[in-house]
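Examination of the molecular architecture
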Protein chains: 2
Amino acid sequence: MSDNLKNEIGAIGKRAFDAKYLAGKLSSDDKNRILLDVAKALEESAKEIIAENDKDIEAAKENGMHEGLVDRLRLNDSRIKDMAEGIRQVAELPDPIGETIDSWKLENGLDIKKVSVPLGVIGIIYESRPNVTADAFALTFKSGNVVVLKGGSDAINSNKAITKVIREAIEKDGFNPDFIQLIPFTDRSAVNELLTLREYVDVIIPRGGAGLIRFVCENSKIPVIETGSGNCHIYIDEFADLDKALPIIVNAKTQRIGVCNAAESLVVHEKIKDKFLPLLSDAMREKKVELRADSQSISLLPEAKSATEEDFGKEYLDYILSVKTVKNVEEAIAHINKYNTGHSEAIITENQDNAKAFLEGVDAACVYVNASTRFTDGFQFGFGAEIGISTQKLHARGPMGLKELCSYKYQITGDGQVRP
Amino acid sequence: MSDNLKNEIGAIGKRAFDAKYLAGKLSSDDKNRILLDVAKALEESAKEIIAENDKDIEAAKENGMHEGLVDRLRLNDSRIKDMAEGIRQVAELPDPIGETIDSWKLENGLDIKKVSVPLGVIGIIYESRPNVTADAFALTFKSGNVVVLKGGSDAINSNKAITKVIREAIEKDGFNPDFIQLIPFTDRSAVNELLTLREYVDVIIPRGGAGLIRFVCENSKIPVIETGSGNCHIYIDEFADLDKALPIIVNAKTQRIGVCNAAESLVVHEKIKDKFLPLLSDAMREKKVELRADSQSISLLPEAKSATEEDFGKEYLDYILSVKTVKNVEEAIAHINKYNTGHSEAIITENQDNAKAFLEGVDAACVYVNASTRFTDGFQFGFGAEIGISTQKLHARGPMGLKELCSYKYQITGDGQVRP
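Within every chain, residues take consecutive numbers counted from 1 along the sequence as written. Chains carry letters from A onward and ligands carry numbers from 1 onward, assigned in written order. Two thresholds apply to this predicted model, a pLDDT of at least 70 for residue-level local features and 80 or more for giving and counting side-chain atom pairs, whereas whole-chain, interface and lining totals are computed over all residues. Side-chain metrics rest on all non-hydrogen atoms present in the structure, leaving aside hydrogens and water.

This paragraph deals with the side chain of B:Lys409. Position of B:Lys409 relative to the elements: it lies in strand E16 (residues 406-417). Under the scheme applied here, a residue whose accessible area is under 20% of the maximum for its type counts as buried, over 50% as exposed, and between as partly exposed, the area being computed with a 1.4 Å probe on protein chains only. Asp and Glu are treated as the negative residues and Lys and Arg as the positive ones, with His and the ends of the chain left uncounted. When a carboxyl oxygen of Asp or Glu is within 4 Å of a side-chain nitrogen of Lys or Arg, the pair counts as a salt bridge. Buried charge B:Lys409 goes without a salt bridge, the closest partner of opposite sign being A:Asp363 at 6.0 Å. A distance of 2.7 Å separates a polar atom in the side chain of B:Lys409 from the backbone oxygen of A:Val362. Not counting residues up to four positions away in its chain, the partners in contact with B:Lys409 are A:Leu359, A:Glu360, A:Gly361, A:Val362, A:Ala364, A:Ala365, A:Val367, A:Arg397, B:Lys113, B:Lys114, B:Val115 and B:Val117. Each helix corresponds to a stretch of at least 4 residues labelled H or I by DSSP, and each strand to a stretch of at least 2 residues labelled E; elements are numbered beginning at the N terminus. Counted as a polar contact is a pair of N or O atoms within 3.5 Å, where, for protein atoms, one must be capable of donating a hydrogen and the other of accepting one, and residues adjacent in sequence contribute only when both atoms are in side chains. Two residues qualify as a contact provided that any one of their heavy atoms is within 4.5 Å of a heavy atom in the partner residue.

Right, let's talk about the nonpolar core for a bit. The tendency in soluble globular proteins is for nonpolar side chains to be buried as a group. Think of a nonpolar core as a cluster: buried Ala, Val, Leu, Ile, Met, Phe, Trp, Tyr and Cys residues, connected wherever their side-chain atoms sit within 4.5 Å. By size, the foremost hydrophobic cluster in this structure holds 117 residues, and its most contacted members are A:Leu42, A:Ile234, A:Ile236, A:Phe276 and A:Leu280. Not counting chain neighbours up to four residues away, the residues in contact with A:Phe276 comprise A:Ile236, A:Leu242, A:Leu246, A:Ile249, A:Leu266 and A:Val268. Formed by 116 residues, the second largest nonpolar core is a distinct cluster that contains A:Leu110, B:Ile213, B:Val216 and B:Val224.

Turning our eyes to something else, we now look at the packing of helix H2 (residues 28-44) of chain B against helix H5 (residues 77-92) of chain B. Residues and elements named next belong to chain B. Between the N-to-C directions of two axes lies an angle of 0 to 180 degrees, each axis being a line fitted to C-alpha atoms and, for a helix, fitted only over the stretch in contact. H5 packs onto H2 with a crossing angle of 175° between their chain directions and a minimal axis gap of 9 Å. Considering their axes alone, H2 and H5 lie roughly antiparallel with respect to each other. Seen from H2, the contacting residues are Asn-32, Leu-35, Leu-36, Val-38, Ala-39, Lys-40, Leu-42 and Glu-43; seen from H5, they are Ile-80, Lys-81, Met-83, Ala-84, Ile-87, Arg-88, Val-90 and Ala-91. Along the lines of polarity and charge, the residues of the contact of H2 with H5 split into 11 nonpolar, 1 polar and 4 charged. Oblique is the label for any angle not under 35 degrees, not over 145, and not in the 65 to 115 range, which are roughly parallel, roughly antiparallel and roughly perpendicular in turn. Side-chain classes follow a simple rule in which Ala, Val, Leu, Ile, Met, Phe, Trp, Tyr, Cys and Pro form the nonpolar group, Asp, Glu, Lys and Arg form the charged group, and the remainder, Gly included, forms the polar group.

Quick look at the interface of chain B and chain A now. Each side of the interface is counted separately: chain B has 73 residues, and chain A has 73 residues. When chain B packs against chain A, close to 6,100 Å² is buried across both sides, 52% of that on carbon and sulfur atoms. Counting the contacts that link chain B with chain A gives 8 salt bridges. The shortest N-O distance in the salt bridge between B:Lys393 and A:Asp202 comes to 3.7 Å. Viewed at the interface, chain A and chain B are joined by 45 residue pairs in polar contact (both at pLDDT 80 or more). The quantity reported as buried area is the accessible area (1.4 Å probe) lost by two parts once they are put together, taken as the sum for both.

What follows covers the sheet that holds strand E13 (residues 366-371) of chain B. An order of E1(A)-E2(A)-E16(A)-E13(B)-E12(B)-E7(B)-E8(B)-E11(B)-E9(B)-E10(B) is seen for the 10 strands of this open sheet, with the pairing classed as mixed. For this open sheet the edge positions go to strand E1 (100-105) of chain A together with strand E10 (305-306) of chain B, each flanked by a neighbour on one side alone. Where strand E2 (residues 111-118) of chain A and strand E16 (residues 406-417) of chain A come together, 8 bridges link them in antiparallel fashion. Paired with A:Lys113 across the two strands is A:Gln411, which belongs to E16(A). Contacts from helix H10 (residues 242-254) of chain B reach E16 of chain A together with strand E7 (232-236), strand E8 (263-269), strand E11 (320-326), strand E12 (344-348) and E13 of chain B within the one sheet, and its direction differs from that of E7(B) by about 165°. The sheet contacts of helix H14 (residues 352-361) of chain B involve E16 of chain A together with E7, E12 and E13 of chain B, and relative to E16(A) the element is tilted by about 145°. One bridge is not enough; two strands pair if DSSP finds at least two bridges between them.

This part is about the sheet that holds strand E11 (residues 320-326) of chain A. With respect to topology, 10 strands assemble into an open sheet ordered E10(A)-E9(A)-E11(A)-E8(A)-E7(A)-E12(A)-E13(A)-E16(B)-E2(B)-E1(B), the strand pairing being mixed. Where the open sheet ends on each side, the last strands, each with one partner, are strand E10 (305-306) of chain A together with strand E1 (100-105) of chain B. Bridge count between strand E7 (residues 232-236) of chain A and strand E8 (residues 263-269) of chain A: 5 bridges; the pairing is parallel. Residue pairing for E8(A): A:Ile234 is matched across the bridge by A:Leu266.

Between chain B and chain A, which share one sequence, the superposing operator has a rotation angle of 180° and an axial displacement of 0.0 Å; the RMSD is 0.0 Å. Taken together, the rotation and translation relating the two chain copies correspond to the operation of a two-fold axis. Considering only C-alpha atoms, the part of chain B nearest the rotation axis is B:His395, at 1.7 Å. A residue counts toward the fit only if its pLDDT is at least 70 in both copies, and the copies are then superposed by least squares on the C-alpha atoms of those residues.

Turning our eyes to something else, we now look at the packing of helix H2 (residues 28-44) of chain A against helix H7 (residues 156-172) of chain A. Residues and elements named next belong to chain A. Two elements in contact, H2 and H7, have axes separated by 9 Å at closest approach and are oriented at 135°. It follows that H2 is oblique to H7 by the angle criterion. With respect to the hand of their crossing, H2 and H7 are arranged in right-handed fashion. Mapping the contact onto sequence places Ile-34, Asp-37, Val-38, Ala-41 and Leu-42 in H2 and Ile-162, Val-165, Ile-166, Ala-169 and Ile-170 in H7. Tallied by class, residues from the contact of H2 with H7 come to 9 nonpolar, no polar and 1 charged. Note on convention: near helix rotated counterclockwise from far helix by under a right angle means a left-handed crossing. Clockwise means right-handed.

Our next topic: helix H1 (residues 3-25) of chain A. Take the number of residues in a helix, subtract one, and multiply by 1.5 Å to get its expected span. With 23 residues, H1(A) should cover 33 Å at 1.5 Å per step; its first-to-last C-alpha distance of 34 Å lies within 8% of that length. Those residues of H1(A) that fall on the buried side of the exposure criterion are A:Leu5, A:Ile9, A:Gly10, A:Ile12, A:Gly13, A:Ala16, A:Phe17, A:Ala19, A:Lys20 and A:Ala23. Among the structural elements, strand E3 (121-126), strand E4 (146-150), strand E5 (180-182) and helix H8 (188-194) of chain A together with helix H13 (329-339) of chain B are those in contact with the buried residues of H1(A).

Centres within 6.5 Å are what make two rings of Phe, Tyr or Trp a pair, Trp counting through its six-membered ring; a difference in plane orientation under 30 degrees is then read as stacked, over 60 as edge-to-face, and the rest as tilted. Applying the stated criterion to the full structure yields 24 aromatic pairs over all chains. Both rings, one in B:Trp104 and one in B:Tyr410, keep their centres 6.2 Å apart while their planes meet at 80°; by these two values the pair is edge-to-face. Taken together, the residues span a long stretch of sequence, with B:Trp104 in strand E1 and B:Tyr410 in strand E16 at a distance of 306 residues. On the basis of relative accessible area, B:Trp104 is assigned to the partly exposed category, the value being 23%. Counting every residue linked through ring pairs, the aromatic cluster contains A:Trp104, A:Tyr408, A:Tyr410, B:Phe381 and B:Phe383. The lysine or arginine in question, B:Arg188, covers the ring of B:Phe215, its NZ or CZ lying 4.4 Å from the ring centre. In this scheme, the term charge over a ring applies when either NZ of a lysine or CZ of an arginine sits within 6 Å of the ring centre and within 35 degrees of the ring normal. Sitting above the plane of the B:Phe312 ring, B:Lys324 keeps its charged end 6.0 Å from the centroid.

Geometric descriptors of this kind do not, in isolation, establish any biological role.
Here you go:
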């Protein structure tokens, strides 16, 4: 790693650290005004941003990037408008900072208040579309945090342009532009370097594919909030209402293929398989979904391939669905707890006891009865925003909105108390 | 690292993982009964435990361990009784699992419940006294978790004996003894190995000195809750009531020297230094506390040594206190935010504005007005127990009781909802 890269990333960390006390003290009015000004500036700078984005698009095509990915990378007037609109929506959300979460008085007279505070400096490492740059700023800034961004190399020119516009808008409002900084390097070693800045960065949030997330979790010296991969199951219980089951499966599997809350595997009670699997076969054929079935179900699914052990642990993000047969709800729960990624799991049943056993027994952020796993989303949950979906158990689990970007402190007021 | 060690620690992780679903489902009655039986078994096995502890004491003396540390390692009837009593107190605390933290209904009819659940498998790495073995079990077990312990090599025989008694008592009650397991190796490589078990262990909590905690944070592949070191400050404001200030300083500095919530540094407003420092000098002389003072304060402290930059960043855990002079509350806050470890910080003032600025501006788990930093403690806060004091911002901050050993999940109930 070059000394230059190391020094520059260190300097970025130091500037973020210096800005965090200012960010945490901003009034809601100041924050909202800055957000609205940033939104306006992005719209007004659409031409410049698109010109820089064109460079990324050209490079991507030269490098033979898949057409679908090129499309995700592309910015145009309407996408920039959406970006600005997203920022305006965040401005309208309640300020999560300074809330009294709990308070009590001790017998010795000490008053204890538990108050929400920002996390501080948040490092976000992402591979996805350039609009994440604007989203991540809006959410971290509204929650009183400072953000250090490390975007994907494919979007480097777009990300630089967006960050520049945001920083200029903040500065024009008379505040420190270091509330947002972008790491201007495209080497992987820049990620490594960011992950060592314990002194300056409070939390790292990786957003992207399973490989990136694993790399960050295993190499970070800074606490990480793991987001991401979802090997989501739907369990069709013995007592399932199939009129509910089929639309839920179609929705969870096919409404959007490449997302973490899409279903990847069906678990089917053996007593319902004769009735259910032929219907499933028809529904999946219609949606062009390939089935990969275990030995007990494959004879009822004429077009299915045979599932391997590996299939059950796989997040396909594709028109593929695995099928596993079980003897009872306990076996379904055990199977799901073995293979899932702690994201979203559903049972389809009219039996209250089985629903309860599933809700309690399945170890995942979101557990559903008779609903699609696709609802695991900050907007759907009513949080008004989402920085990602946490699949770990520390700090936040499931959709992360503004509140999940906060920590707390205890403020204790006395009049001379000492410990006996 | 030997394959044997690697395999055995892997097997311990697997057994813990297999036990965690049972642990999470235990009723409060079962948990409390097991805790009371464990407490009784420890008292009844005092003789055997002390015999094993004698081996550790003998080895420690042979290795030339400092007398104070040998004393911390020693178990006797009364200390075992205290250990049992601690477990009985945990049995009396409310069960933190299954609590509905929040609930709401979406417009589409989905019912969302946010419910407290165990973290799962908790790895605790500690250096301290053997009573931590029993404490850690009681707290993790009551909160529905499974614990894997890695104690210090000095206490290996004591820890093995205590763990054996606890496991036998659980088994006698008809439950899985793997709710608690001790890693039976004393090599440092056993810690390394534990820190790689992402597949089985949900959270690592290190308890011990700054070196151990740093090692764990930097090397763990598993999420860590950082506990521990406290470089705690007391700021004597221009408007301090010195009748409150002196007893608070004496308490925070000298009531117990070797603890993380003891004060290590005084920050003094320059307008009060002429009046305050001579009184401080007398009080510290009486308590045999050495002062290390900056250039503006040293002339008023006849016995003080000159403080170096290094002094301000130091957790002495000794009869030493550094003194720093500042021009105003803002400079005090900036100094503390530069040098503190995010633990406990206090202001002594009768001025409401300065108190407010300090409470809001200082970045630490616990911020005090006119009280001793020694109150940062799960028992003092009324939590009834404490697994440690978190100095990080993710998940839990400050004293961690039973609630802080929990995560949550969303349970969502519908009647066929799909995402539009």
